[in-house]
Amino acid sequence: MSKIIAGNFKSNLTRTKIQEYYQILDSKIMPNDEVFLFPPFFALQQSQKFQIGAQNAYPANNGAFTGEITLEALKDLNINTLLIGHSERRTLLGENQEFCAQKFNFFKTQDFSIFYCIGENLEVRQKGFEMTKKFLAAQLQGIDTNYPNLILAYEPIWAIGTGKSASLEEIEEVHAFLKTLCPAKILYGGSVQKNNLTEILKLPNVDGALIGSASLDIYNFIDMITLARELS
Ligand code: PEP
């Protein structure tokens, strides 16, 4: 089975650069690759060979939600994949668990594929594995873990954008625990790069990777897709 490779551009790149990116990716992707991209809103569009998802959406059909994108607009763009619960939205934008669950439930009723992110901060991690497990379980509160279109992403905050991934033992320990709570595929995210991707993907409970900074360069991202392909 192919491992999932997902790229999260966050608020990087421009529409022009992303159009070029899509073209190059389109020409390099192989039929069995499972590739997802989460670009900023202005680059949301349909794609044949890889999936494009939104980094965020407001749980409503349309309405007075300045700065947000809603269901009607996503449907019009043929987008039915959504990232929910990313730590940057939880911490910088103040999205609490209740709101993450509200979004999840709204888009679940619309059959969206939901990439749902969870992850502890350093303070929690330093309190030990029991505390970490409790914290992660709380981030699943209100989420239907049996939803067939759910993909979970474990992203320890202390590893995101720091260049220092969690260790293989740490990743496997958390993923094995999460598999006891949730039958979904589980991606690891947090400073995944070309030089650590293969060993992370080889872990038994890792079904793919969610990649931030290392996805921004198309050729680097293609190399990572190729590495994942070699494992399938
Ligand atoms: C992310 O924010 O989803 C992420 C994994 O970022 P990075 O790969 O840059 O750590």
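Residues numbered from 1 in each chain as written. Predicted model: local features only at pLDDT ≥ 70, side-chain atom pairs only at ≥ 80, totals over all residues. Heavy atoms only, no water.

**Student:** Help me understand the site of the ligand in this model?
**Tutor:** Near the ligand lie 15 residues; those nearest to it are K10, H86, G161, S191 and S213. Contact distances for the ligand include 2.8 Å between an oxygen atom and a backbone N or O atom of S191. Contact between the ligand and S213: an oxygen atom at 2.4 Å from a side-chain N or O atom of the residue. Contact with the protein chains covers 98% of the free accessible surface of the ligand, which is 290 Å². Counting atoms within 2 Å of the grid points, the majority share of the ligand lands in the second largest pocket. Residue composition of the shell around the ligand, grouped by class: four nonpolar, eight polar and three charged. (Near = heavy atom within 4 Å. Polar contact = N/O pair within 3.5 Å; in protein donor to acceptor, adjacent residues only side chain to side chain. Areas by Shrake-Rupley, 256 points an atom, 1.4 Å probe, with all protein chains shown as cover. 1 Å grid on protein atoms, 1.4 Å probe; cavity = no way out; pocket = protein on both sides within 12 Å on 5 of 7 lines; lining within 4 Å. Sits in = over half its atoms within 2 Å of the grid points. Nonpolar A, V, L, I, M, F, W, Y, C, P; charged D, E, K, R; others polar.)

**Student:** Can you help me understand the layout of surface pockets in this one?
**Tutor:** One water molecule sets the probe size; rolling that probe over the atoms shows where empty space is left. Counted as a void, the largest pocket has a volume near 230 Å³. Considering the residues around the largest pocket, the lining is formed by N8, K10, S11, P40, F41, Q55, N56, L83, H86, E88, R89 and L93. Grouping the constituent residues of the lining of the largest pocket by class yields four nonpolar, five polar and three charged. Reported here for the second largest pocket is a volume of approximately 160 Å³. For the second largest pocket, the lining is made up of 17 residues, of which G161, S191, I211, G212 and S213 are closest to its centre. When its residues are assigned to classes, the lining of the second largest pocket shows five nonpolar, ten polar and two charged. (Points joined across faces, edges and corners; volume = space filled by probe spheres on them.)

**Student:** I tried to follow the pattern of salt bridges on my own but got confused; where do I start?
**Tutor:** For side chains bearing opposite charge, pairing can occur when the charged atoms are close. Summed over the entire model, instances satisfying the criterion amount to eleven salt bridges. Of the charged contacts, one joins R125 and E120 as a salt bridge, the two residues approaching to 3.0 Å between their closest N and O atoms. The shortest N-O distance in the salt bridge between K127 and E123 comes to 4.0 Å. For K127, a relative accessible area of 52% corresponds to the exposed category. Taken together, the salt bridges that share partners define one network made up of R89, E95 and K103. (Salt bridge = Lys/Arg side-chain N within 4 Å of Asp/Glu carboxyl O. Buried < 20%, exposed > 50% of the residue type's maximum accessible area, 1.4 Å probe, protein only.)

**Student:** In this structure, what is going on with helix α4 (residues 97-108)? I would like to understand it.
**Tutor:** Think of an α-helix as turning once every 3.6 residues; residues three or four places apart then point the same way. The end-to-end C-alpha distance of α4 is 16 Å, a good match for the 16 Å that twelve residues give at a rise of 1.5 Å each. Here α4 has its buried residues at Q97, F99, C100, A101, K103, F104 and F107. If you follow the buried residues of α4, they end up packed against α2 (71-76), β4 (81-84), α3 (87-91), β5 (113-118), α6 (129-138) and β6 (150-154). (Helix = DSSP H or I, 4+ residues; strand = E, 2+ residues; numbered from the N terminus. Expected span 1.5 Å × (residues − 1). Contact = heavy atoms within 4.5 Å.)

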